[in-house]
Amino acid sequence: ALEPLSVSLAIGVAWALTGYLSHPNFYCSYVECCPSDGHRINATALRAQLDTKLFGQHLAKDVVLKAVMGFTNNPSPKKPLTLSLHGWAGTGKNFLSQILAEHVHPAGLRSKFVHLFLATLHFPHQDKVKLYKEQLQNWIRGNVSACPHSVFIFDEMDKMHPGLIDAIKPFLDYYEQVDRVSYRKAIFIFLSNAGGDLINKAALDFWTSGKRREEIQLKDLELMLSVGVFNNKNSGLWHSSLIDRNLIDYFVPFLPLEHKHVKMCVRAEMTARGYAVDEKIVQAVADEMTFFPKEQKIYSDKGCKTVQAKLDIHED
């Protein structure tokens, strides 16, 4: 027979071990957990990563950093943070959204709390828009219920069927709760090529007038951008209630990239592959890119999108 003292000791150890294993700090070191309300993004680390990895986008870096830090440091936001990123392909929209997701949830796009929607993959058929709206609402409701700090990224907004994105309007509005669920601590990010032509024209006008691209401010582009995508039938936000009700907090322009920015992308890719940076190769890759306008050849028409593929052919 077991002695009473031994039984008591065994029970005590079992309780202590159970408590330790179930402690959030221990449990969440092995299983991904939703951040607590007291969780804060490291602004210094986020800024450093944007400075070293996102090139030629002073506006986007500044706007997103201030918006995200202001939102996450607010213990009681009135609505979810909603950002709409616009610009031609290869300018860094996807890259910035991935960096941001990683600073909210370390696993980034692999996190079960980060949700990426591709218009052509998840919402391909025009005749199923009503079904897509219901599915989208249910998905967002269920995931925000599980983690209030969920991040939702909608890529290819310019390929989204008109009216579809308005299904999430109640979740972005200034409601304390919708069906007993609060969405105020979630982040919604839209990525779109729509408006890229307007941004490019504005950047070229600055260049033509002899101004530095770094002089371009958000106020020079944001109103033009919001009006442009609101009236663009191929923007995914055509006549959208999200714009009409001012539920998108920031329209973030991504400027077209110049030669020097393409070279920065090449150097960064070489470093990421563990190569020594060879300026002859950097120049060779940049020379293989195509630029516009036809006469001046100032801006890369694909941004840095094809840098990786072009660098492949220069490998020994």
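Notes on the structure follow.

What counts and how
Residues numbered from 1 in each chain as written. Predicted model: local features only at pLDDT ≥ 70, side-chain atom pairs only at ≥ 80, totals over all residues. Heavy atoms only, no water. Phe/Tyr/Trp six-rings, centres within 6.5 Å; stacked < 30°, edge-to-face > 60°. Helix = DSSP H or I, 4+ residues; strand = E, 2+ residues; numbered from the N terminus. Buried < 20%, exposed > 50% of the residue type's maximum accessible area, 1.4 Å probe, protein only. Lys NZ or Arg CZ within 6 Å of the ring centre and 35° of its normal. Contact = heavy atoms within 4.5 Å.

Before going further, it helps to examine the packing of aromatic side chains. This model, assessed by the stated rule, comprises eight aromatic pairs. Both rings, one in tryptophan 88 and one in phenylalanine 292, keep their centres 4.9 Å apart while their planes meet at 40 degrees; by these two values the pair is tilted. With tryptophan 88 in the loop between β1 (81-86) and α5 (93-104) and phenylalanine 292 in strand β6 (residues 291-292), this pair connects stretches of sequence that are 204 residues apart. You can call tryptophan 88 partly exposed: its relative accessible area is 26%. Linked through ring pairs, Phe117, Phe123, Tyr132, Phe154 and Phe190 together constitute an aromatic cluster. Over the ring of phenylalanine 206 we find lysine 211; its NZ or CZ atom is 5.0 Å from the centre of that ring.

By the element assignment, isoleucine 187 lies in strand β4 (residues 187-192). Since its relative accessible area comes to 3%, isoleucine 187 is described here as buried. Residues isoleucine 187 and leucine 172, 15 residues apart in the sequence, show an inter-C-alpha distance of 9.3 Å. Filtering out sequence-adjacent residues up to four positions away, isoleucine 187 remains in contact with Phe71, Leu81, Val104, Ser150, Val151 and Phe152.

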